[in-house]
Amino acid sequence: MTLDAHVPAGPIAGKWDRHKFEMKLVNPANKRKYTLIVVGTGLAGGAAAASLGELGYNVLNFCIQDSPRRAHSIAAQGGINAAKNYQNDGDSVYRLFYDTVKGGDYRSREANVYRLAQLSVNIIDQCVAQGVPFAREYGGLLDNRSFGGAQVSRTFYARGQTGQQLLLGAYQSLMRQVHEGHVRMFARREMLDLVVIDGRARGIVCRNLTTGEIERYASDAVILATGGYGTVYYLSTNAVNSNVTASWRAHRRGALFANPCYTQIHPTCIPVSGDHQSKLTLMSESLRNDGRVWVPKKKGDTRPPDQIPEADRDYYLERKYPSFGNLVPRDVASRNAKHVCDDGRGVGDSGLAVYLDFADAIQRLGVETIREKYGNLFHMYKKITDEDAYKVPMRIYPAIHYTMGGLWVDYNLMSNVPGLHVLGEANFSDHGANRLGASALMQGLADGYFVIPYTIGHYLASATLPKVTVDHPAFAEAVNCTQQRINQLLAVKGKRGIREIHRELGRIMWDNVGMSRSEASLRAALAAIPRLRDEFWHDVSVPGTPDNLNQSLEYAGRVADYLEFAELLTLDALQRSESCGGHFREESQTPDGEALRDDANFSYVAAWEFTGVGSAPVLHKEPLEFDEVHPTQRSYK
Ligand SMILES: Cc1cc2nc3c(=O)[nH]c(=O)nc-3n(C[C@H](O)[C@H](O)[C@H](O)COP(=O)(O)OP(=O)(O)OC[C@H]3O[C@@H](n4cnc5c(N)ncnc54)[C@H](O)[C@@H]3O)c2cc1C
């Protein structure tokens, strides 16, 4: 198989404009004749469904929650990047492009990233027009703050609730289309299979999560916007029902999975407090604008923070990276937190935490300014830890947060299965081996509002799409597969809880395929995962019946998929014996402990083909070329 990314020719700045002109169009009067399935109602799916509805397509939109408004995107806190340069501090489309390629450690596709930077400015206009209440400065202009990996302020925000406000904007637009009759909403539906007919994606099979009924939907194209797979680690900052199921089932039907080992560990999360937890809580990266990260200089220093004098503190990020300081990218900040904790200088009861201290900022700006900027985050921190971060430093530690890998897509966001398009966190497209903060919302909305409305038209106008209905035998086969898997899950009738097995999988992944990875740890995980999968299928307990609301059954299906997917993630990490971005191989580091890439051997996207559970997947490589930003050793010093 040759992977063709279909990147348009010509200078990078003109590629997208030229491509938009060269792509075929669907006549306005013909759009309603096409049915499009959009799975997902987060920022990517919600924006896509609303925009495609507005264009006049007949859109079927699915989500697992009871309302599209409850998609995981609602949790996003800190902000969304855009190269508006309102601050006049030297930003530009090119600089955002450059920062993103460098931030991703030169493992992303340049053309996609450039388009993302270009579209970032349109997103802000669109959202303002929808009424998204971005923070403003006194004079009325939209305010900006800084996020990691950038030396300009380009992050637009709505307090610490940016995702919620953006999602409400997309949701309003979506509901307008529902009202107009262009979008039909299917809440509480879980996509469990992709239907491929004559090599093209032509529909999906879902379980109605309320009635248990298995439903079939036919379409002319399928768009997946089903989010990331961070919960394969069990504990993460993601919503607990985030999952890999839709992507994995599409993968089983032929869609290639790209760079699954690129997972992002966020440096500022509330540390794990015990076995009772089912998720972790992020403290937004925006806090690093004003919070200073430090640990005691001395190992095992148990004095309370206010009794540790300045001379005994190590502001290690400011010390090691003077030009970016506390705003180094996430992978760098996370690894350094791990180093100081491994060195015995971590704080708190577990020793697995570092301080994020606002004392200086409060003294400089006043407590009210800090409250205005981050009030809801401080409030959340207090509710969880019972500590007042206005008075004592926050304790933070890295946790799994985002996944850069995902289904492989070309420049048009189409997977290798014609007709199957993938948007937002579910695709692999723009962030390389490390995503910069505030760039996920940007990508999801760029994909949904501004890319897919063009590229889907090109696909529909170029393809021959004979009418298919849900009576086609391919639907019967997919329903059969889905039903069989459900029956198998319920038939095990073992003793082990689903959560217990998921937690064990998470432990294997975090310990062996987490913040740092070695050949030995990866091989250990590759031995442990199939054993656990086997145990799951022999001893899991899934109570209840299939024909009604059964959240255990839903959960079991997702964990079963994770038990297959985890092996692919680990295998990908093993084959990539270089370090890059969030993928840190202990064997490949610079003398001062930074990630050491191996461009000669690994400058490619690893796209994996499914060949069966427990059978070796086939690796396809899309070579990466850098015409604009020459790969160098990333430095934030
Ligand atoms: C705590 C937190 C804070 C964050 N803050 C920021 C931030 O400040 N800035 C930033 O840029 N990024 C941030 N991120 C990342 C960002 O929120 C996500 O990457 C982004 O929202 C993902 O959007 P999405 O539309 O791709 O997917 P999601 O929002 O995850 O939506 C997935 C959709 O797919 C549906 N779905 C999933 N599986 C199925 C299935 N099988 N069948 C049917 N439907 C399905 C779900 O119901 C949902 O509607 C944050 C992430 C976290 C965890």
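Residues numbered from 1 in each chain as written. Predicted model: local features only at pLDDT ≥ 70, side-chain atom pairs only at ≥ 80, totals over all residues. Heavy atoms only, no water.

**Student:** Please clarify how the overall build of the chain should be interpreted in this entry.
**Tutor:** Looking only at helices and strands, the chain has 17 helices and 19 strands in total. In terms of overall size, the chain behaves like a compact globule, its C-alpha atoms giving a radius of gyration of 24 Å where 637 residues would be expected to give roughly 26 Å. Counting only C-alpha atoms and orienting by the principal axes, one finds that the chain spans roughly 75 × 60 × 50 Å. Across the chain, contacts joining residues at least 24 apart in sequence account for 74% of those joining residues at least 6 apart. As displayed, the chain offers around 23500 Å² of accessible surface, 50% of which is attributable to carbon and sulfur atoms. For the chain, the distance from the average position of its 71 positive side-chain charges to the average position of its 71 negative side-chain charges is 3 Å. (Helix = DSSP H or I, 4+ residues; strand = E, 2+ residues; numbered from the N terminus. Rg over C-alpha atoms; globule rule 2.2 N^0.38 Å. Contact = heavy atoms within 4.5 Å. Areas by Shrake-Rupley, 256 points an atom, 1.4 Å probe, with all protein chains shown as cover. Lys, Arg positive; Asp, Glu negative; His and termini not counted. Charge placed at Lys NZ, Arg CZ, Asp CG, Glu CD.)

**Student:** Please explain helix 9 (residues 330-342) as it appears in this structure.
**Tutor:** In an α-helix, one full turn covers 3.6 residues, which means residues spaced three or four apart are oriented alike. Across its 13 residues, helix 9 extends 18 Å between first and last C-alpha, which sits within 8% of the 18 Å expected from 1.5 Å per residue. In terms of residue burial, helix 9 counts as a mostly covered element, since 10 of its 13 residues are buried. Buried within helix 9 we find Arg330, Asp331, Val332, Ala333, Ser334, Arg335, Asn336, Ala337, Val340 and Cys341. In this fold, the buried residues of helix 9 make contact with strand 11 (263-269), strand 12 (292-296), helix 8 (316-320), strand 14 (354-357) and strand 15 (394-403). In the stretch just after helix 9, glycine 344 is the one whose phi turns positive, near 85 degrees. (Expected span 1.5 Å × (residues − 1). Buried < 20%, exposed > 50% of the residue type's maximum accessible area, 1.4 Å probe, protein only.)

**Student:** Hey, could you run me through helix 7 (residues 245-252) in this one?
**Tutor:** Where burial is concerned, most of helix 7 is hidden: 7 out of the 8 residues are buried. Taken together, the buried positions of helix 7 are occupied by Thr245, Ala246, Ser247, Trp248, Arg249, Ala250 and His251. Glycine 254 sits one or two positions beyond helix 7 and adopts a positive phi of about 120 degrees.

**Student:** Explain the packing of aromatic side chains to me, please; I cannot follow it from the model alone.
**Tutor:** Given two aromatic rings, one states the distance between the centres and the angle between the planes to describe the pair. Tallied over the full model, the rule gives 27 aromatic pairs. Seen from their ring centres, tryptophan 16 and tyrosine 411 are 6.0 Å apart, and the 70 degrees between their planes marks the pair as edge-to-face. A residue pair is termed long-range when its members are at least 10 positions apart, and tryptophan 16 in helix 1 (residues 15-22) and tyrosine 411 in the loop between strand 16 (406-407) and strand 17 (420-422) qualify at 395 residues. The same class applies to tryptophan 16 as to tyrosine 411, namely buried. These aromatic residues form a ring-pair network of at least three members: Tyr229, Trp248, Phe257, Tyr562, Phe565 and Phe610. (Phe/Tyr/Trp six-rings, centres within 6.5 Å; stacked < 30°, edge-to-face > 60°.)

**Student:** Would you mind going over the site of the ligand with me for this structure?
**Tutor:** The ligand sits among 37 residues. The nearest are Gln65, Ser73, Gly78, Met191 and Glu425. At a separation of 3.0 Å, an oxygen atom of the ligand approaches a polar backbone atom of isoleucine 64. Separating an oxygen atom of the ligand from a backbone N or O atom of serine 439 is a distance of 3.4 Å. Expressed as a share of its isolated accessible area of 1000 Å², the protein-covered part of the ligand is 97%. Of all elements in the fold, only helix 3 (43-55), strand 6 (189-197), strand 15 and helix 12 (440-462) reach the threshold of two or more residues within the shell around the ligand. (Near = heavy atom within 4 Å. Polar contact = N/O pair within 3.5 Å; in protein donor to acceptor, adjacent residues only side chain to side chain.)

**Student:** What should I look at first to understand the layout of surface pockets in this one?
**Tutor:** In this approach the atoms are scanned with a rolling probe the size of a water molecule, which exposes any empty space left behind. Taken as a whole, the second largest pocket encloses approximately 640 Å³ of empty space. Residue lining of the second largest pocket: 27 residues in total, with Leu235, Val272, Arg507, Trp510 and Asp511 positioned closest to the centre. Secondary structure elements with two or more residues in the lining of the second largest pocket: strand 15 and helix 14 (498-513). Looking at the lining of the second largest pocket element by element, the count peaks at 6 residues for helix 14. (1 Å grid on protein atoms, 1.4 Å probe; cavity = no way out; pocket = protein on both sides within 12 Å on 5 of 7 lines; lining within 4 Å. Points joined across faces, edges and corners; volume = space filled by probe spheres on them.)

**Student:** Looking at this structure, how should I read empty space enclosed by the protein?
**Tutor:** Applying the stated criterion to the full structure yields 7 cavities of 30 Å³ or more. As a volume, the largest cavity reaches approximately 120 Å³. The wall of the largest cavity is formed by 13 residues, among which Leu192, Arg249, Ile486, Leu553 and Gly557 lie closest to the centre. Among the elements of the structure, strand 6, helix 7, helix 13 (473-492) and helix 16 (551-575) are those that each provide at least two residues to the lining of the largest cavity. Of the residues in the lining of the largest cavity, the class split is 4 nonpolar, 3 polar and 6 charged. Residue lining of the second largest cavity: Thr263, Gln264, Ile265, Asp331, Ser334, Arg335, Asn434, Met515 and Gly582, and that is the complete set. (Nonpolar A, V, L, I, M, F, W, Y, C, P; charged D, E, K, R; others polar.)

**Student:** Would you mind showing me how to read the pattern of salt bridges here?
**Tutor:** Any two side chains of opposite charge can pair if their charged atoms end up close together. Considering all chains together, one arrives at 54 salt bridges under this definition. Close ionic contact of glutamate 477 with arginine 253 constitutes a salt bridge, the shortest N to O distance being 3.1 Å. Taken together, the positions of glutamate 477 in helix 13 and arginine 253 in the loop between helix 7 and strand 10 (257-258) put the pair 224 residues apart, joining distant regions of the chain. Taking relative accessible area as the criterion, arginine 253 reaches 27% and is therefore assigned partly exposed. Connected through salt bridges with shared partners, the residues Asp105, Arg107, Asp331, Arg335, Arg576, Glu578, Arg597, Asp599 and Arg634 form a single ionic network. (Salt bridge = Lys/Arg side-chain N within 4 Å of Asp/Glu carboxyl O.)

**Student:** Teacher, can you tell me more about the nonpolar core here?
**Tutor:** Side chains of nonpolar character tend, in soluble globular proteins, to be buried together. With 194 residues, the main nonpolar core has Ile80, Ile204, Met394, Leu420 and Leu460 as its most contacted residues. If we ignore the near neighbours within four places in the chain, the residues touching leucine 420 are Leu194, Ala201, Val222, Leu224, Ala250, Ala255, Leu413, Met414 and Ser415. (Core = buried A, V, L, I, M, F, W, Y, C linked by side-chain atoms within 4.5 Å.)

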